[in-house]
Structures are given as C-alpha cells and as structure tokens.
Amino acid sequence: MRSVQKPRATRRCRQEDFKAFLRALRSSSPGRPLLLVLDRANCHTAQKSQRLATRLGVHLVLLPKQRSELNCMDHLWRSLKQRVSANRQYSTMEQHIDAAIQWVLGLSPQDALRKAGCLAEGFWLRDLLENFWRPT
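Residues numbered from 1 in each chain as written. Predicted model: local features only at pLDDT ≥ 70, side-chain atom pairs only at ≥ 80, totals over all residues. Heavy atoms only, no water.

**Some points on the overall build of the protein chain**
Phase 1: For the protein chain, the count of helices and strands is seven helices and two strands.
Phase 2: Residue burial in the protein chain is summarised as follows: out of 136 residues, 26% are buried.
Phase 3: For the protein chain, the share of sequence-separated contacts (at least 6 apart) that also reach a separation of at least 24 residues comes to 57%. (Helix = DSSP H or I, 4+ residues; strand = E, 2+ residues; numbered from the N terminus. Buried < 20%, exposed > 50% of the residue type's maximum accessible area, 1.4 Å probe, protein only. Contact = heavy atoms within 4.5 Å.)

**Some details on helix α3 (residues 47–56)**
Phase 1: Listed in full, the buried residues belonging to α3 are S49, L52 and A53. Seen along its axis, α3 keeps its buried residues to an arc of 100°; they face one direction. Every exposed residue of α3 that faces more than 90 degrees away from the buried side is listed here: Q47, T54 and R55.
Phase 2: Looking at the buried side of α3, the elements it contacts are α1 (15–28), α2 (42–45) and β2 (58–62).
Phase 3: In the stretch just after α3, G57 is the one whose phi turns positive, near 75°. (Arc of directions from axis to C-beta.)

**Observations regarding the pattern of salt bridges**
Phase 1: Under the counting rule described, the total for this entry stands at two salt bridges.
Phase 2: For the salt bridge of E16 with K19, the shortest nitrogen-to-oxygen distance reads 3.3 Å. Of this pair, E16 and K19 both sit in helix α1, three residues apart, which is roughly one turn of that helix.
Phase 3: Residue classification places E16 among the partly exposed positions, given a relative accessible area of 48%. (Salt bridge = Lys/Arg side-chain N within 4 Å of Asp/Glu carboxyl O.)

**Structural notes on the packing of α1 against α3**
Phase 1: Closest axis-to-axis distance for the α1/α3 pair is 10 Å, and the angle between their directions is 5°. By the angle between their directions, the pair α1 and α3 is classed as roughly parallel. Between α1 and α3, the contacting residues are Q15, F18, K19, L22, R23 and R26 on the first element and K48, S49, L52, A53 and L56 on the second. (Axes fitted to C-alpha atoms, helices over the stretch in contact; angles between N-to-C directions. Parallel < 35°, antiparallel > 145°, perpendicular 65-115°, else oblique.)

**A short note on the environment of R88**
Phase 1: Topologically, R88 is positioned in the loop between α4 (72–85) and α5 (93–105).
Phase 2: Classification of R88 by relative accessible area gives partly exposed; the value is 43%.
Phase 3: In this view, R88 contacts Q82 and R83; residues no more than four positions away in its chain are not counted.

Below is the structure:
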C-alpha cells in the first residue's frame, strides 16, 4: 500500500508550490490519467507549470475568468467553511489549517464529489468526466 503524503499548506500559491503539487499528484497516481480543473491563478497559467503538467501527463482545464459557479472547489470550500471555520476560533492559524486538511481528507470520494457539485444532474463537466477515462 502506497503512503499518502500529507498536503502542505502555503501562504501563497507560487509557481514552485504548484509544480511540487503536480509532481506529488503524479507520483501518487502513476500511470493513471489525471485531469485538473483550475482557476487562472498565475501559478496555474505560468509557462513552466504548463510545460511540467504536459511532461507529467496531467491534463489542465483552465476555467474562464469570473465564472466561480463553474469551480468545483468553490462549492467544496463553502462546505469546509461551514463545518470547519464558521463561528470557530482556533489558537493558531496552523491549527485551523490542520482542521481544514483533516476535514477534506476525511471525506469519502463520493462525499467530496457530492459536496463539490460534481454529482449534480446538470454538472457542466459530466460528459468530459464520463468519457475521459474510456479506453481508446
């Protein structure tokens, strides 16, 4: 059984952080097709990040600007804020971050997809998700 590396929280999403994430993601799922749906943060659109993703076989789908309703993470964040952050005070920022990470890691794959809106009947990426892993 493969060990899962604990996610690392950073204050800013820098290109090097994103590239490290891409490498960790690829090493956690060798040989599997990977697709990331991302906003247009500078670290996601940087040429070096794009080239590394291509070299690692990670397909990046960049969302259009100003369309947060399409971003699954925004839906997941809403649930996280409700369960972990709203009306709670932590002694340190690190405790708050750890609580958020533990909440996300504690979700079953089905719960994560549901909370992110991916299982909704009208989910905009349904066709892509259903066809992405089909044998060619």
